[in-house]
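# Overview (structure and organization)
If you want the building blocks of each chain, they are given just below.
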Amino acid sequence: MFKNMIVYRIAPQWQVELTQVEEALAKAPFMECGATQEKSLGWVPPRGDAHGPLAESVGGQWILRFMVESKVLPGSVLARKVKEKAERIEQETGRKPGKKESKELKDEAKLDLLPMAFTKQGSMWVWIDTASRLLVLDTSSQGRADEVVTLLVESLPGLSVSLINTQTSPQAAMSHWLKEQEPPVGFTVDRECELKSANEEKAVVRYARHPLDIEEVQAHIDAGKLPTKLALTWDDRVSFMLTEGLQIKKVSFLDTVFEGTKADDGGFDTDVAIATGELVKLIPDLIEALGGEAESGVASAADAVATASAAPAATVASAPSAPSRKTAGGVVTGPKEAPVDTDPEAAPF
């Protein structure tokens, strides 16, 4: 659970109960693809129980599960089917199909083939921490995260979220940590990183299972190569890979996390409690290591978490807003430009 993470801040004015979330998600349940349907998406019970709740609360942490099913239709198969149809028309009429007709033939061929196509399914864990006002998606693909966030914003009235945006960019911070050999307090640098040149050549150097406190790494940085990935460990409890786009990959909980638990203590509630219990402490420490949170559309939510209990509702709701990056019933804001989707195929669907 939560092997990869993209983290959003939830605006302080969004105040709902779990029952309201359940009712909203029930309007968009996952259903398998129909015969001629290319893709289907929706919500499934996180526990995996048939007809179970679509929103679960474990220790106050809300867990959802997003499911996608798509038909696998190889391009070569589709092209062959279109070619067959075009040749048939040419034989019957003595003319080749035009551009518009060729497009229609492609659509027709796709409808013919979809009922016979194989399907693939994938799911994504979604975690809502209402206390810290965080939305965490178990993916490393920004494009796929955007798809899920858009559906959430459409389903949950008033929801506004922003990609976490830090004062110091992850790339600048990683460069400093490697060059000066000064990891942030509470973190250690592990034995894996990727450095990429910013010039037209885009030269890449990768280190795996290799010490990084060497002059060679510093020389690469001096030559203009910038870190795009860096393996870190937090508090000797969680190891992960930080990317230039503030995506957190390859999350692994170390043995110290499981001290005191029994071998048969597994299960949904235990897994959620362990994962969220560690990550709810790691995320703010990582943000602090990157200079704290920069102001964005809902950046005031970070301060509002600490002051909301003393502030009037009208004051909290009047937090400044940045221009929207997406709108769909609610608002999705964030950095001026969304992080580059460096790994679009890394998500589980």
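Our structure's up above, just so we're on the same page.
Presented here is a report on the structure given in the accompanying data block. (Residues numbered from 1 in each chain as written. Predicted model: local features only at pLDDT ≥ 70, side-chain atom pairs only at ≥ 80, totals over all residues. Heavy atoms only, no water.)

Where helix α5 (residues 170-180) contacts helix α6 (residues 215-222), the axes come no closer than 9 Å and their chain directions differ by 140 degrees. By the angle between their axes, α5 is oblique relative to α6. α6 is crossed by α5, and the crossing has left-handed handedness. Here S175, L178 and K179 of α5 come into contact with α6, specifically with V217, Q218, I221 and D222. A class-by-class count of the residues in the contact of α5 with α6 yields three nonpolar, two polar and two charged. (Axes fitted to C-alpha atoms, helices over the stretch in contact; angles between N-to-C directions. Helix = DSSP H or I, 4+ residues; strand = E, 2+ residues; numbered from the N terminus. Parallel < 35°, antiparallel > 145°, perpendicular 65-115°, else oblique. Left-handed = near helix turned anticlockwise from the far one by under 90°. Contact = heavy atoms within 4.5 Å. Nonpolar A, V, L, I, M, F, W, Y, C, P; charged D, E, K, R; others polar.)

With that settled, the discussion passes to a negative patch on the surface. Taken together, the side chains of D235, D236, D285 and E288 make up a negatively charged region of the molecular surface. Inspection of the secondary structure assignment puts D285 in helix α7 (residues 268-289). For D285, a relative accessible area of 32% corresponds to the partly exposed category. (Patch = residues over 30% accessible without salt bridge, like charges linked within 9 Å, V, L, I, M, F, W, Y side chains within 5 Å. Areas by Shrake-Rupley, 256 points an atom, 1.4 Å probe, with all protein chains shown as cover. Salt bridge = Lys/Arg side-chain N within 4 Å of Asp/Glu carboxyl O. Lys, Arg positive; Asp, Glu negative; His and termini not counted. Charge placed at Lys NZ, Arg CZ, Asp CG, Glu CD. Buried < 20%, exposed > 50% of the residue type's maximum accessible area, 1.4 Å probe, protein only.)

Let us now look at the packing of aromatic side chains. Enumeration over the complete set of coordinates arrives at four aromatic pairs. For the ring pair W43 and F66, a centre distance of 5.3 Å and an interplane angle of 70 degrees mean the geometry is edge-to-face. Note that W43 is positioned in strand β2 (residues 39-44) and F66 in strand β4 (residues 61-72), a separation of 23 residues in sequence. With relative accessibility at 1%, the residue W43 sits in the buried group. With a centroid separation of 6.2 Å and an interplanar angle of 40 degrees, the aromatic rings of W125 and F268 are classed as tilted. (Phe/Tyr/Trp six-rings, centres within 6.5 Å; stacked < 30°, edge-to-face > 60°.)

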